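Single-letter residue listing:
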Amino acid sequence: MIVAIGVDVDDTFAGFVHRAVEAGATFRCINLRVAVGGAWRFDLPPIGPATVKHDAEALTLAPDDGYFYRPIDLSAAETDPSVARRWPALFSGLRAWLDAVPGRVANRPSRGAHNGCKPLHEALLRDYGLRVPDSVTSSDPDVLRAFVREGPTISKTVCGVRADAVVVTEDAFAGFDPASGPVHLQRLVAGHDARIHVVGEHIVAQVAQAGAVDYRRAGAIAGMKVFEPPAALRDLLIAATAGIGLAFAGWDFKIDADGMHWCLEANPMPGYGPYDSRCGGAVSRALRRYLDPDAP
Amino acid sequence: MTNDVLIVGRPGDAVARRLERALTARGHTATWLDGPTAARLFTIRVTAAGNQVEPDLPIFIRPMPWWGADAEATADARFLRNECHATFQAAAALCRRPVINRPKANGPVYRLTAGSLGTEAAGRSEIHASGPEQIVEDDSSFWGENAEYRLGALATLPPGVPVRARRVDVAAGYEIVTVVGAQAFPATRDARSAAHDLAARSIGLASRLGVHFAAVTWAVTDDTAEAVRLNPYPDETELRYRWADVLDALCRDLLV
């Protein structure tokens with residue numbers, strides 16, 4: 001049995017549920033915005049079922065069910081402090097339980113957090129054998145200017161919060177105040193963009209021919225085409241996804257003029273909806289089958 | 001940066017203060033910074049050839065209110081705080097010199113309770129529930145801590161307030177074992193601590209969780225010992241029984 005846990009206002013979560021309904025899959029759905037106002041119980045270690053009261057229905061969650069989990073904490077939007085306090089309590093129990101259950105979880109809550117710590121994330125990806133562009137993270141204007149002088153450079157957030165990657169020049173650091181740092185700079189790789197979703201041992205790879213710095217902002221998702229990555233890369237990504245402890249990851253690459261695949265990041269909670277739409281729901285289908293081998 | 005050790009923590013942290021004095025008494029120096037200031041100290045290079053963190057110096061990390069201070073801050077200030085936090089975590093994870101406690105790939109290890117430690121005695125699981133009324137088997141032996149930070153017997157906690165609870169053996173005593181790397185320092189000389197081999201078991205538990213420095217609290221009876229809490233940022237109250245030993249071990253392990 002598949003259990004989808006998330007919030008209804010998350011397009012990716014809603015898309016997973018919509019495609020599961022379309023496919024006629026048997027699944028249960030927990031909308032955390034409703035569950036937070038209801039009742040729950042998680043026993044650790046998870047030797048028995050957990051219960052979540054959802055609307056008027058008490059759902060029983062088995063430790064060996066398959067879980068699609070997209071945690072989005074909406075406590076900041078709560079005006080009632082007593083409700084706001086329930087969010088971290090619900091997440092605390094749910095996280096601990098999903099980290100410990102023997103069933104399949106996409107993804108276990110404690111995994112892949114280094115995506116929110118870019119220098120560490122890039123170092124780990126390189127250690128898995130992936131080709132990662134050089135980077136520097138610093139608040140020192142001399143260091144930042146020197147890196148920019150050495151070649152084309154983009155700036156990204158260190159903490160991984162969603163923001164556009166932008167090309168920077170040395171001028172950007174004229175009069176730079178270290179108090180406005182730190183800044184994460186990465187060597188620009190010119191080429192096409194690829195998004196490769198890994199679900200267990202299944203891969204859905206797509207490429208955009210835009211050649212923009214940030215193809216998503218350039219509107220290039222709509223033109224993405226499914227492609228077959230090199231076998232060695234495919235094997236590497238399956239191994240690295242498992243090595244990070246993830247069942248599901250959205251890998252971003254730049255493919256340069258020589259056909260080299262440069263790894264930009266592995267997203268542990270990818271908003272994969274727009275990509276799924278371009279490949280007939282192949283990502284959602286792979287997720288369902290990973291979580292329940294009998295699922296359509 | 002010419003000092004020997006970087007201490008990162010809030011001003012007035014009593015454990016950091018003790019360590020700073022201990023380092024000074026041993027002829028070393030320490031720089032004590034808050035998290036954001038420490039983050040701006042570092043340059044991290046990640047290249048095909050490897051990682052480089054400058055300055056590369058021993059770091060002793062204490063709990064920091066990374067976000068608590070930002071409740072009234074602007075979105076830009078909160079963003080910068082997140083950038084600093086990510087940078088500091090990366091520097092502490094990637095530098096070559098000793099870091100106590102070094103963040104793991106998925107972040108620092110925070111305080112763990114019985115359910116997460118996986119050392120519970122048979123039948124004494126930990127329960128996370130939306131309120132005490134969900135724990136119908138309560139026979140007055142369940143205690144919990146709720147979302148309002150109230151601690152007590154489950155029957156005394158208000159309904160409808162989320163709670164984390166477990167069955168407590170009221171006859172049990174408690175031992176605190178401080179772990180510093182390969183050394184462990186029980187707070188008491190109680191014979192049961194030796195009989196249950198709590199020093200070695202505490203070292204094993206901390207090692208399994210990837211924590212160099214921690215206070216492990218055990219619920220102990222004549223027959224059993226159950227780890228009920230592991231605090232990787234021990235408070236002064238947990239360390240006071242063995243200050244000299246703990247400081248010796250910390251100084252030695254930081255200055256390797």
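Residues numbered from 1 in each chain as written. Chains lettered and ligands numbered in written order. Predicted model: local features only at pLDDT ≥ 70, side-chain atom pairs only at ≥ 80, totals over all residues. Heavy atoms only, no water.

### Some thoughts on the packing of aromatic side chains
- Applying the stated rule across the entire model yields nine aromatic pairs over all chains.
- Between the aromatic rings of Trp-251 of chain A and Phe-253 of chain A, the centroid separation amounts to 6.5 Å while the plane-to-plane angle is 25°, which identifies the pairing as stacked.
- For Trp-251 of chain A, a relative accessible area of 0% puts it in the buried group.
- Consider the rings of Phe-42 of chain B and Phe-88 of chain B, whose centres lie 6.4 Å apart with planes at 45°: the pair is tilted. With Phe-42 of chain B in the loop between α2 (35–39) and β3 (43–47) and Phe-88 of chain B in helix α3 (residues 75–94), this pair connects stretches of sequence that are 46 residues apart. Assigned by exposure class, Phe-42 of chain B and Phe-88 of chain B land together as buried.
- Through a chain of ring-to-ring contacts, three or more aromatic side chains come together here, namely Phe-42, Tyr-67 and Trp-97 of chain A.
- The side chain of Arg-104 of chain A reaches across the aromatic face of Tyr-290 of chain A, ending 4.3 Å from its centre. (Phe/Tyr/Trp six-rings, centres within 6.5 Å; stacked < 30°, edge-to-face > 60°. Buried < 20%, exposed > 50% of the residue type's maximum accessible area, 1.4 Å probe, protein only. Helix = DSSP H or I, 4+ residues; strand = E, 2+ residues; numbered from the N terminus. Lys NZ or Arg CZ within 6 Å of the ring centre and 35° of its normal.)

### What to know about the sheet that holds strand β13 (residues 202–208) of chain A
Residues and elements named next belong to chain A.
- Pairing within the open sheet is antiparallel, and its five strands lie in the order β14-β13-β12-β15-β16. The two strands at the open ends of the sheet, each matched to only one other strand, are β14 (225–226) and β16 (261–267).
- For strand β12 (residues 192–199) and strand β15 (residues 248–255), the ladder comprises eight bridges, and the chain directions are antiparallel. The residue of β15 that forms the bridge with Arg-195 is Asp-252. (Pairing = 2+ DSSP bridges.)

### Examining the interface of chain B and chain A
- Each side of the interface is counted separately: chain B has 40 residues, and chain A has 44 residues.
- Buried area between chain B and chain A, both sides added, is near 3300 Å², and the carbon and sulfur share of it is 56%.
- The shortest N-O distance in the salt bridge between Glu-148 of chain B and Arg-85 of chain A comes to 3.3 Å.
- Mapped onto the side of chain B that touches chain A, the elements with two or more residues apiece are β3, β4 (50–54), α3 and β8 (126–129) of chain B. (Contact = heavy atoms within 4.5 Å. Buried area = accessible area lost by both parts, 1.4 Å probe. Salt bridge = Lys/Arg side-chain N within 4 Å of Asp/Glu carboxyl O.)

### With respect to the pairing of β16 of chain A
Residues and elements named next belong to chain A.
- For β16, the buried fraction is high: six of the seven residues fall into the buried class.
- Examined bridge by bridge, β15 and β16 share six bridges and lie antiparallel to one another. Across the sheet, the residue bridging to Lys-254 is Trp-262, located in β16.
- A loop of five residues connects β15 with β16, the two strands running antiparallel in sequence, and Gly-259 in this loop sits at a positive phi of about 85°.

### What to know about the packing of helix α5 (residues 118–127) of chain A against α3 of chain B
- With their axes 7 Å apart at the nearest point, α5 of chain A and α3 of chain B run at an angle of 40° to one another. By the angle class used here, α5 of chain A and α3 of chain B are oblique. Seen from α5 of chain A, the contacting residues are Pro-119, Leu-120 and Ala-123 of chain A; seen from α3 of chain B, they are Ala-90, Ala-93 and Leu-94 of chain B.
- Considered class by class, the residues forming the contact of α5 of chain A with α3 of chain B number six nonpolar, no polar and no charged. (Axes fitted to C-alpha atoms, helices over the stretch in contact; angles between N-to-C directions. Parallel < 35°, antiparallel > 145°, perpendicular 65-115°, else oblique. Nonpolar A, V, L, I, M, F, W, Y, C, P; charged D, E, K, R; others polar.)

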